[in-house]
Amino acid sequence: MIQDARVLQDEFIPSEVQHRDAEVNELTNALSPITHGRSGDTTFLFGPSGAGKTCISRFAVERLREEVLTLNVQYVNCWEDYSRFRTLYRILDGINETLDIHRQSTPHDVLLDRLREYDGAPYVIILDEVDQLDETDVLYDLYRIPDLTMILIANREEELFAEFDSRVRSRLTSSTRVHFDSYHLDELMAILEDRVRWGLESGVIDDDRLVQIADAAAGDARVAIGILRRAAERAQEAGANELTETTISEAIPEARESVRQRNIDQLTPDQRAVYEIIRDSDGLAPKAVYERYRDRVEDPRTMRTVRKYLSKLSHYNLVDASGTSRDRVYHADDPLS
DNA sequence: TCTCCACCGGAATGCTTGGATG
DNA sequence: CATCCAAGCATTCCGGTGGAGA
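Everything numeric in this text was worked out from a predicted model, so none of it was measured.

Describing the overall build of chain A
The number of helices and strands found in chain A is 14 helices and seven strands. Over its C-alpha trace chain A gives a radius of gyration of 22 Å, about what one expects of a compact globule, namely 20 Å for 337 residues. Relative to its 337 residues, chain A shows a buried fraction of 45%. Of the contacts formed within chain A by residues at least 6 apart in sequence, a portion of 69% connects residues at least 24 apart. Approximately 17,800 Å² of chain A is accessible, and the part contributed by carbon and sulfur atoms is 43%. Within chain A, the 64 negative side-chain charges are centred at a point lying 6 Å from the centre of the 42 positive side-chain charges.

Considerations on the environment of Ala154
Tracing the backbone shows Ala154 in strand 4 (residues 148–154). You can call Ala154 buried: its relative accessible area is 2%. Leave out the neighbours within four places in its chain, and Ala154 touches Leu45, Phe46, Gly47, Lys53, Val130, Asp131 and Leu160.

Brief notes about the pairing of strand 1 (residues 43–46)
Here strand 1 shows two buried faces, one formed by Thr43 and Leu45 and the other by Phe44 and Phe46. Where strand 1 meets strand 5 (residues 176–179), four bridges bridge the pair, whose relative direction is parallel. Among the inter-strand pairings, Thr43 is bridged to a residue of strand 5, identified as Thr176.

Quick notes on the sheet that holds strand 4
Read from one edge of the open sheet, five strands run 2-3-4-1-5, paired in parallel fashion. Of all strands in the sheet, those with a lone pairing partner are strand 2 (72–77) and strand 5, marking the two edges. Taking the axes of each pair of neighbouring strands and ignoring which way they run, one obtains an average angle of 15° across the sheet. Here five bridges tie strand 3 (residues 123–128) to strand 4, and the two strands are oriented parallel to one another. Bridging across to strand 4, Ile125 finds its partner in Met150. Its contacts with the sheet put helix 1 (residues 21–31) on strand 1, strand 4 and strand 5, and the angle it makes with strand 5 is roughly 165°.

Criteria and thresholds
- Residues numbered from 1 in each chain as written.
- Chains lettered and ligands numbered in written order.
- Predicted model: local features only at pLDDT ≥ 70, side-chain atom pairs only at ≥ 80, totals over all residues.
- Heavy atoms only, no water.
- Helix = DSSP H or I, 4+ residues; strand = E, 2+ residues; numbered from the N terminus.
- Rg over C-alpha atoms; globule rule 2.2 N^0.38 Å.
- Buried < 20%, exposed > 50% of the residue type's maximum accessible area, 1.4 Å probe, protein only.
- Contact = heavy atoms within 4.5 Å.
- Areas by Shrake-Rupley, 256 points an atom, 1.4 Å probe, with all protein chains shown as cover.
- Lys, Arg positive; Asp, Glu negative; His and termini not counted.
- Charge placed at Lys NZ, Arg CZ, Asp CG, Glu CD.
- Pairing = 2+ DSSP bridges.
- Axes fitted to C-alpha atoms, helices over the stretch in contact; angles between N-to-C directions.

Below you can see the structure in the form of structure tokens.
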């Protein structure tokens, strides 16, 4: 059944990309000064999740590597490394400059100084989910470092620029911006066919089943590949030699559920209590959530802290908040929707 | 239409943790 | 071993927002 599991992971970078020629060319052009020993243009990639932004940025940088012999590259997920310190640390890590920097007792500015002193090979950094940074002024500092080329990835252009302070905004308005749309059904099909060809044994899945997956993924390539992976795992466990309609329809909620479960596993016990209260209810006002939480745990946190939990939960799409003021109600996010 | 107030989320502050340093 | 420092988390305070109800 599964021939090469790597192809079914979403970090996998295909050797050829499907239906993103224009976007790849724009990014490649922005990076092209690097082949002449200069630094590339700062480039933004905007678009919904699963539209190929991360994949294309890695793909373009890998191609650049073929032309530029000495090139340093670092991928930073700003969701995980959301503070100024962590972002800079991760960037220094990409050029092996972190050996004597320690999480504690190292003043902030040492990291930036270290980066400014860097005079090695051209350095490309991909900052994914850049809208998750809590201090965007680190972008201003990074922008001013010569020989550093930034690729910045976010969902929505307007929302990202609204977060910038004027200094950051004025520097970055002139940069290249590439917009991605969700994949159409036939484009998702092409992506899936590619993964099937390299990842699965031949003849295990037909076009109708691919349509079924692409349809359920609603334009999101990451979701589509996740469903394919889960379905193949199921079939492999069952010893089946083809992917049936039933296997796939069972894999669809499971693929979504596995993302959810990963997020739930990261919650603290208090956060999980809040989540379970909402999950086991039929929509609750903030006050009711807090009262139930207070009754449920020993040594409860304050209301303000629970509000922070709630914003984290909705950030992870575990709960859904409707209403903005007194009409605010929290629902569990429906895994099937 | 006006006022009230539940709710949101930013900012300042304090506590704990844990490695570095003398 | 005592001290220092920054991260990370919680708490306190509070101004802004926008439905609900008069």
